Amino acid sequence: MLSRPDVVSPVRRGHEQAVLGLLRGHGPLNRGEISRRCGLSRTTLHDTLRGLLATGAVVTAVPDEGPRGRGRPAEKLTLNTSVGQALGIDFARRAVHVAAVGVTYELVGSAGEAHAPGLPWPDRVALAERLVRGLAGAEPWRRALRGVGVGVVGPLTGARDGTLSGVGTLLGERFGGPVLLDNNTRLAALAESTWGAAAGDQDVLYLRLSYGVGGGVVAGGVLHRGADGVSGEIGHIPVDPAGRPCECGGTGCLETVASIRAVLDAYRARGGHGDDLPALAAAVAAGDPIARGLLRDVGTQIGRVLAALSNAIGPRVIVIGGELAQIGDPLLGPVREALNAGAVPISRHRLTLRRAALGDAAGALGAVALALGDSPLLSRYPAAEPDSGPAGADRNGGVAVRPRLALTF
Ligand SMILES: [Zn+2]
């Protein structure tokens, strides 16, 4: 098990983030320059830098070799790009995905691994830990960790919900740093709106078609959480009053029609042969009329829901992600047709439907953005309560800099 980082106070953490923000923005600086720019007292700055040097977050750019002669440049301090800034973990229904960024906001990497449905939480956390270790490697990376963002399935009314409280505590023990929990699909919407298919767009509706069906809303340039964290539960909009029972207790929800399992069940019920998504995709590619007819029906149902939501919310861009969306036009064509048929005339030809760009890592990347906390998309997002961690979250201690990830997907 990984050890916890040194306990630091929220005030100290704020000072550290301020210095890291300066070095991120200005490049290497000497102590005098840092002092002038951040306004910390000499003693406070001394303690702050000592802490950052001890964790390895900051290193000396010019080694201090013996007594300084006349004209010798003062020792510069710079960010150590090999240490951690934030981790994101997405606990999806059947997989765990992780992503990490360093102190300069560069993407250290992302990774994921599928698991059987219903895997116990301790095993899922252990899987996450193994994936993070593969990405970030050695212990020093973790010692400068600013936070861990965690995506989980379902709405969260508070960070301390039931089982998740224990999960947050466990994650805090394993990784250290404040742990922030949120709905994983909404975090995927955040990532797609920050670095992905809808980067820079102000009004975005995101839909993910996976083993579950969910989504997220960006309205007026900010991520929408909604009362009780319910915003984005698109999968539980009823589409068939005579349909199948849904996990949520409802009947005929979109998820009972458009989740991977639902689509595969319907395919077999119609006489198709295929037990998994690749088999269905192969059948579609081969022109199987059962598969194509099914995807047309499912796509139409999805498009009608998106049209209704568009008329209520007014997005400019709709992003569709998840494994099912990878089937492409045989599904998305009917989605687009039904969307255009149902959207009010003024938005009909202005709405853009796009495939998601970040793949399976979207939820974990959104969790990274949540942990960093300085995206404009989160500027009016209710502050998530830290579930655990040595010092509590210090969401306002850092310098407000938009994350700049160099994504390599
Ligand atoms: Zn439901």
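These numbers were taken from a predicted model, which means no experiment stands behind them.

## Observations regarding the nonpolar core
Line of reasoning, step 1. Among the nonpolar cores identified, the biggest contains 39 residues, and Leu209, Leu280, Ile302, Leu306, Ile320 and Leu331 are the most heavily contacted of them.
Line of reasoning, step 2. For this core, the secondary-structure elements that each account for two or more residues are strand 9 (204-209), strand 10 (213-219), helix 8 (255-258), helix 9 (260-269), helix 10 (277-285), helix 11 (289-313), strand 12 (317-321) and helix 12 (329-342).
Line of reasoning, step 3. The element that contributes the greatest number of residues to this core is helix 11, accounting for nine residues.
Line of reasoning, step 4. Among the nonpolar cores identified, the runner-up in size contains 34 residues, and Ala197, Ala198, Val319 and Tyr381 belong to it.

## Observations regarding the layout of surface pockets
Line of reasoning, step 1. Counted as a void, the largest pocket has a volume near 610 Å³.
Line of reasoning, step 2. Ala92, Arg208, Ser210, Tyr211 and Glu323 are, among the 36 residues lining the largest pocket, the residues nearest its centre.
Line of reasoning, step 3. For the lining of the largest pocket, the secondary-structure elements that each account for two or more residues are strand 5 (95-102), helix 7 (184-194), strand 9, strand 10 and strand 12.
Line of reasoning, step 4. Looking at the lining of the largest pocket, the element that brings in the most residues is strand 10, giving three residues.
Line of reasoning, step 5. A breakdown of the residues in the lining of the largest pocket according to their chemical character gives eleven nonpolar, 16 polar and nine charged.
Line of reasoning, step 6. Considered as a void within the structure, the second largest pocket measures approximately 310 Å³ in volume.
Line of reasoning, step 7. Residue lining of the second largest pocket: 13 residues in total, with Tyr211, Glu247, Glu255, Ser259 and Arg261 positioned closest to the centre.
Line of reasoning, step 8. Where the lining of the second largest pocket is concerned, the elements lending two or more residues are helix 8 and helix 9.
Line of reasoning, step 9. Tallied by class, residues from the lining of the second largest pocket come to five nonpolar, two polar and six charged.

## Describing the coordination of the zinc ion
The expected angle between donors at a tetrahedral four-coordinate metal is 109.5 degrees. At an octahedral six-coordinate metal it is 90 or 180 degrees.
Line of reasoning, step 1. Distances from the zinc ion to its protein donors, namely His236 (ND1), Cys246 (SG), Cys248 (SG) and Cys253 (SG), fall within the range 2.0 to 2.4 Å.
Line of reasoning, step 2. Considering all four donor atoms around the zinc ion, the spread of angles at the metal, 102 to 126°, places the coordination shape in the tetrahedral class.
Line of reasoning, step 3. Donor residues for the zinc ion sit on one chain with the sequence pattern H-x9-C-x1-C-x4-C.
Line of reasoning, step 4. Cysteine 246 sits in the buried class, given a relative accessible area of 10%.

## Overview of the packing of helix 7 against helix 14 (residues 362-372)
Line of reasoning, step 1. At a closest axis distance of 7 Å, the pairing of helix 7 and helix 14 adopts a crossing angle of 80°. What the angle tells us is that helix 7 and helix 14 run roughly perpendicular. Facing Asn184, Leu187, Ala188, Leu190, Ala191 and Glu192 of helix 7, the residues of helix 14 in contact are Ala362, Gly363, Leu365, Gly366, Ala367, Ala369 and Leu370.
Line of reasoning, step 2. Here the residues of the contact of helix 7 with helix 14 sort into nine nonpolar, three polar and one charged.

## Remarks on the environment of leucine 135
Line of reasoning, step 1. Relative to the elements of secondary structure, leucine 135 occurs in helix 4 (residues 121-136).
Line of reasoning, step 2. Sequence-wise, leucine 135 and glycine 109 are 26 residues apart; in three dimensions their C-alpha atoms are separated by 6.1 Å.
Line of reasoning, step 3. Among all residues touching leucine 135, those that are not within four sequence positions of it are Val98, Ala99, Ala100, Val108, Gly109, Ser110 and Ala111.

## So, helix 2 (residues 31-38)
Line of reasoning, step 1. With a side-chain oxygen lying 3.1 Å from the backbone nitrogen of glycine 32, the N-terminal cap of helix 2 falls on asparagine 30.
Line of reasoning, step 2. Within two residues after helix 2, glycine 39 carries a phi angle of roughly 75°, on the positive side.

## Remarks on the pattern of salt bridges
Line of reasoning, step 1. All chains considered together, the criterion is met by 17 salt bridges.
Line of reasoning, step 2. Ionic pairing is found between aspartate 182 and arginine 186, a salt bridge with its closest N-O pair at 2.7 Å.
Line of reasoning, step 3. Residue classification places arginine 186 among the buried positions, given a relative accessible area of 0%.
Line of reasoning, step 4. The closest approach of N and O atoms between arginine 244 and aspartate 265, which form a salt bridge, is 3.2 Å. On the criterion of sequence distance, the pair formed by arginine 244 in the loop between strand 11 (222-224) and helix 8 and aspartate 265 in helix 9 is long-range, its members being 21 residues apart.
Line of reasoning, step 5. On the basis of relative accessibility, which here comes to 37%, the residue arginine 244 falls in the partly exposed class.
Line of reasoning, step 6. Take aspartate 265: its relative accessible area is 23%, and that puts it in the partly exposed class.
Line of reasoning, step 7. Each of Arg244, Arg261, Asp265, Arg268 and Asp275 takes part in one network of salt bridges that share partners.

## Some details on the pairing of strand 7 (residues 147-152)
Line of reasoning, step 1. The element strand 7 is extensively covered by neighbouring structure, given that six of its six residues are classed as buried.
Line of reasoning, step 2. Covered by surrounding structure in strand 7 are Gly147, Gly149 and Gly151 together with Val148, Val150 and Val152, the residues of both alternating faces.
Line of reasoning, step 3. Pairing of strand 4 (residues 84-91) with strand 7 involves five bridges; the strand directions are parallel. The residue bridging leucine 87 from the neighbouring strand is valine 148, located in strand 7.
Line of reasoning, step 4. As defined by bridge partners, strand 7 adjoins strand 8 (residues 179-183) across five bridges and the pair is classed as parallel. Note on strand 8: the bridge partner recorded for glycine 149 is leucine 180.

## A few points about the side chain of threonine 194
Line of reasoning, step 1. Position of threonine 194 relative to the elements: it lies in helix 7.
Line of reasoning, step 2. A polar side-chain atom of threonine 194 sits 2.6 Å from the main-chain carbonyl oxygen of leucine 190.

## Looking at the packing of aromatic side chains
Line of reasoning, step 1. Throughout the structure, instances matching the rule amount to one aromatic pair.
Line of reasoning, step 2. Aromatic pair phenylalanine 91 and tryptophan 121: ring centres 5.0 Å apart, planes at 75°, arrangement edge-to-face. In this pair, phenylalanine 91 is assigned in strand 4 and tryptophan 121 in helix 4, connecting sequence segments 30 residues apart. For the pair phenylalanine 91 and tryptophan 121, a shared accessibility class is recorded, and that class is buried.
Line of reasoning, step 3. Against the face of tryptophan 121 rests arginine 124, its NZ or CZ located 4.1 Å from the ring centre.

Cut-offs used in this document
- Residues numbered from 1 in each chain as written.
- Predicted model: local features only at pLDDT ≥ 70, side-chain atom pairs only at ≥ 80, totals over all residues.
- Heavy atoms only, no water.
- Core = buried A, V, L, I, M, F, W, Y, C linked by side-chain atoms within 4.5 Å.
- Buried < 20%, exposed > 50% of the residue type's maximum accessible area, 1.4 Å probe, protein only.
- Helix = DSSP H or I, 4+ residues; strand = E, 2+ residues; numbered from the N terminus.
- 1 Å grid on protein atoms, 1.4 Å probe; cavity = no way out; pocket = protein on both sides within 12 Å on 5 of 7 lines; lining within 4 Å.
- Points joined across faces, edges and corners; volume = space filled by probe spheres on them.
- Nonpolar A, V, L, I, M, F, W, Y, C, P; charged D, E, K, R; others polar.
- Donors = N, O, S within 2.8 Å, 3.2 Å for Na, K, Ca; no water.
- Tetrahedral: all angles 85-135°; square planar, octahedral: opposite > 155°, others 65-115°.
- Axes fitted to C-alpha atoms, helices over the stretch in contact; angles between N-to-C directions.
- Parallel < 35°, antiparallel > 145°, perpendicular 65-115°, else oblique.
- Contact = heavy atoms within 4.5 Å.
- Polar contact = N/O pair within 3.5 Å; in protein donor to acceptor, adjacent residues only side chain to side chain.
- Salt bridge = Lys/Arg side-chain N within 4 Å of Asp/Glu carboxyl O.
- Pairing = 2+ DSSP bridges.
- Phe/Tyr/Trp six-rings, centres within 6.5 Å; stacked < 30°, edge-to-face > 60°.
- Lys NZ or Arg CZ within 6 Å of the ring centre and 35° of its normal.

On their own, these measurements won't tell you what the molecule is for.
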